[in-house]
Amino acid sequence: MAHREVKTNQDEMLLQMTTAPVGHLIIRMAIPTIISMMITAIYNMADTFFVSQLGTSASGAVGINFSIMTIIQALGFTIGMGSGSLTSRALGAKDYDRANMYCSSAIFFTFTMGIILGTIGLIFQKPLVTMLGATPTIQPYAEAYARYILIGVPFMCTTFVMNNQLRFQGKAALSMVGLTFGGILNIGLDPLFIFVFKLGISGAAIATLLSQCVSFSLLLSVFLRKKSVAELSLSHLSRSGQTYKKIVKNGLPSLFRQGMATISSILLNVAAGSYGDAAVAGMSITNRVFMFLMSIAIGIGQGFQPVCGMNFGAGNFARVKQAFFFMIKATFGVMSAFGLFFVIFAPQIVAAFRNDPDVISVGALAMRCQCSSLPFHALIFGTNMMLQTTGEAKAATFLSSLRQGLYFIPLILILPRVIGITGVQVSQAISDLLTSATSIPFAVAFFHKMNRMDKLLPQFRE
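A short tour of the structure in this document, coming up. Note that the coordinates shown come from a computational prediction; the quantities given were computed from them, not determined experimentally.

1. Brief notes about the overall build of the chain
For the chain, the count of helices and strands is 19 helices and 0 strands. By the compact-globule yardstick of 23 Å for 462 residues, the chain fits well, its C-alpha radius of gyration being 21 Å. Taken along its principal axes, the extent of the C-alpha atoms in the chain is 60 × 45 × 35 Å. Out of the 462 residues in the chain, the part that is buried amounts to 62%. Counting only contacts in the chain whose residues sit at least 6 apart along the sequence, the fraction spanning at least 24 positions is 83%. Accessible area for the chain stands at about 17200 Å²; split by element, carbon and sulfur atoms hold 69% of it. For the chain, the separation between the mean place of its 32 positive charges and that of its 16 negative charges on side chains is 6 Å.

Listed below in C-alpha cells is the structure:
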C-alpha cells in the first residue's frame, strides 16, 4: 500500500511539473525556498548582531567562522544539488528506482562524510582559525565559536542535502519547514545563551548547533514519514562507486562555488585584517547582509530547478527555455528594488550591527558596491543552476569558479596593493559584473544545444 501511494505521488508530481504554467510553478516553488533561505540568512545576521555587542574582535570572529560554514555548505550543497539534479531528471524520465537510489545514497553518504570532516576540524581547530585569517585578538573568540560548529558538521551537512533533495522533488514547502523552524529557534536562543546565561560567543555557537540539530530532525522526519517523492531507505543504498562519482560530478559546480567562496572569504579576511579588526568586522557585516539579499535570488533560482530538471528529463525543452527566461526577469526585477534600498541606507544598516565609525566607514562602501551588482545575479545564478540541473557539469563548474574564484581571487590579491582598503571593498562587485557578462554566451550555447537535442531526444535521455 505504501509503495503504491509513493508511486501515485511520483506520477502526480511529474504531471504537474510538465503541464502547469511555468511561472506559477516557479513562484510556488520559490516562495517557500526564499522564506527558508531568508530565515537562514536572518539568523546568520542575528549571530553577527548579538555577537557584535560583545566587541569588535568578537564581531570579526563571526566573519572568520563564516569560512567554516562555507566549507560545511560546500559538502552539503555538492552532494545535495548533485544528487538532487539526478533525482529530478530520473523522476522526469519515470525511473523511480533510480530516483530512490540517488536520494538514499546521498543522505547516508553525507552524514558519514560529515562525521569525518567534523572530527578533523576539531583536532586541528587552533591552526584552522589562524589559517582562516584570525588576528591574535580575534583568535580566542573564533576558537570558542568554531568548537560547537564543528561538532554539528554531520547534522548541518545532511540538512543541506535533505533540503535540496526535497526541493528538486518539488516539495519546497516541506523543505522550508525544517530550515525555517531551526532559524527562528536560533534567533530566539542567541540572546538567551549569550546574555542571560552569560555564555558569550560560545552561546551563539551553541544556539546555532541546537537549531541545526532541530532542522535535521524535522527534515529527516519528512523522509521517514514518506512525505517525499523519492524514498529514503537502506535498501535503496547504492554499493557502486560509480553512483557516488556521478553524484559528486553533478555537484561539482556547487563544490567549486562553495569552495571558491571559502577561499575568497579567507583571502578577504586576510586582506581586511591588515587594516585592523574594524575592517574585518565591517566586511563581515557586509557579507552577512549581502548573503541575506542573495538568498532571494538563489531562492528564485532554486524554485526554477525542479521545473527545469523534470521537464528536461521528460524532453520538454521548450518549457525549460520558457522557465529560464521567466526566472531571469523575476530575479532581475526583485534584485533591482532591494539593491537600490540597501545602496541608499548602507551606513545606517551597518551601524545597526556595530555603531563604530571605523566599522561603518569600511562596511558602508563595501555594501553599496556589492548591492549595485545585485540585479546581475539573475544571470549568474540562473545560468549556473540551469546548466547544473541539466547535467552540463563542466560548463556549470567553470561558471561556478568565476565569481568567487578565477575573477575574485586575482582582484582581492592585486587591488588592495594598488588602492588600499578600497580594493578590499570593491573586489566582489567587480567580480560579479565580470561573471554576469561571461554567463551570457554559456546560456546562448546551451539553448543552441537543446535545439539540436530535440532532434536526437532518445540519445540524451538519462
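2. Topic: the packing of helix α15 (residues 377–389) against helix α16 (residues 393–406)
The N-to-C vectors of α15 and α16 enclose an angle of 150°; their axes lie 8 Å apart at closest approach. The angle between α15 and α16 falls in the class roughly antiparallel. Once α15 is placed against α16, the crossing between them reads as left-handed. Residues His377, Ile380, Thr383, Asn384, Leu387 and Gln388 of α15 touch α16, and the partners they reach there are Ala395, Ala396, Leu399, Ser400 and Arg403.

3. A word on helix α9 (residues 200–224)
Note that an α-helix has 3.6 residues per turn; residues three or four places apart therefore point the same way. Under the 1.5 Å per step criterion, the end-to-end length of α9 is 37 Å for 25 residues, consistent within 8% with the ideal 36 Å. Positive phi appears at Lys226, one or two residues downstream of α9, with a value of about 60°.

4. Observations concerning the packing of aromatic side chains
Applying the stated rule across the entire model yields 19 aromatic pairs. Centroid distance Phe49 to Phe353: 6.3 Å. Interplanar angle 75°. Geometry classified as edge-to-face. One end of the pair, Phe49, is in helix α2 (residues 22–52); the other, Phe353, is in helix α13 (residues 346–353), with 304 residues separating them in the sequence. Geometrically, the ring pair formed by Phe111 and Phe155 is edge-to-face, given 5.7 Å between the ring centres and 80° between the ring planes. One end of the pair, Phe111, is in helix α4 (residues 96–123); the other, Phe155, is in helix α7 (residues 153–168), and 44 residues separate them in sequence. Aromatic rings pair up to connect Phe304, Phe312, Phe317, Phe324, Phe325, Phe446 and Phe447 into one cluster. The ring of Phe447 has Lys321 lying over it, and the distance from NZ or CZ to the ring centre is 5.6 Å.

Reading the values: rules and limits
- Residues numbered from 1 in each chain as written.
- Predicted model: local features only at pLDDT ≥ 70, side-chain atom pairs only at ≥ 80, totals over all residues.
- Heavy atoms only, no water.
- Helix = DSSP H or I, 4+ residues; strand = E, 2+ residues; numbered from the N terminus.
- Rg over C-alpha atoms; globule rule 2.2 N^0.38 Å.
- Buried < 20%, exposed > 50% of the residue type's maximum accessible area, 1.4 Å probe, protein only.
- Contact = heavy atoms within 4.5 Å.
- Areas by Shrake-Rupley, 256 points an atom, 1.4 Å probe, with all protein chains shown as cover.
- Lys, Arg positive; Asp, Glu negative; His and termini not counted.
- Charge placed at Lys NZ, Arg CZ, Asp CG, Glu CD.
- Axes fitted to C-alpha atoms, helices over the stretch in contact; angles between N-to-C directions.
- Parallel < 35°, antiparallel > 145°, perpendicular 65-115°, else oblique.
- Left-handed = near helix turned anticlockwise from the far one by under 90°.
- Expected span 1.5 Å × (residues − 1).
- Phe/Tyr/Trp six-rings, centres within 6.5 Å; stacked < 30°, edge-to-face > 60°.
- Lys NZ or Arg CZ within 6 Å of the ring centre and 35° of its normal.

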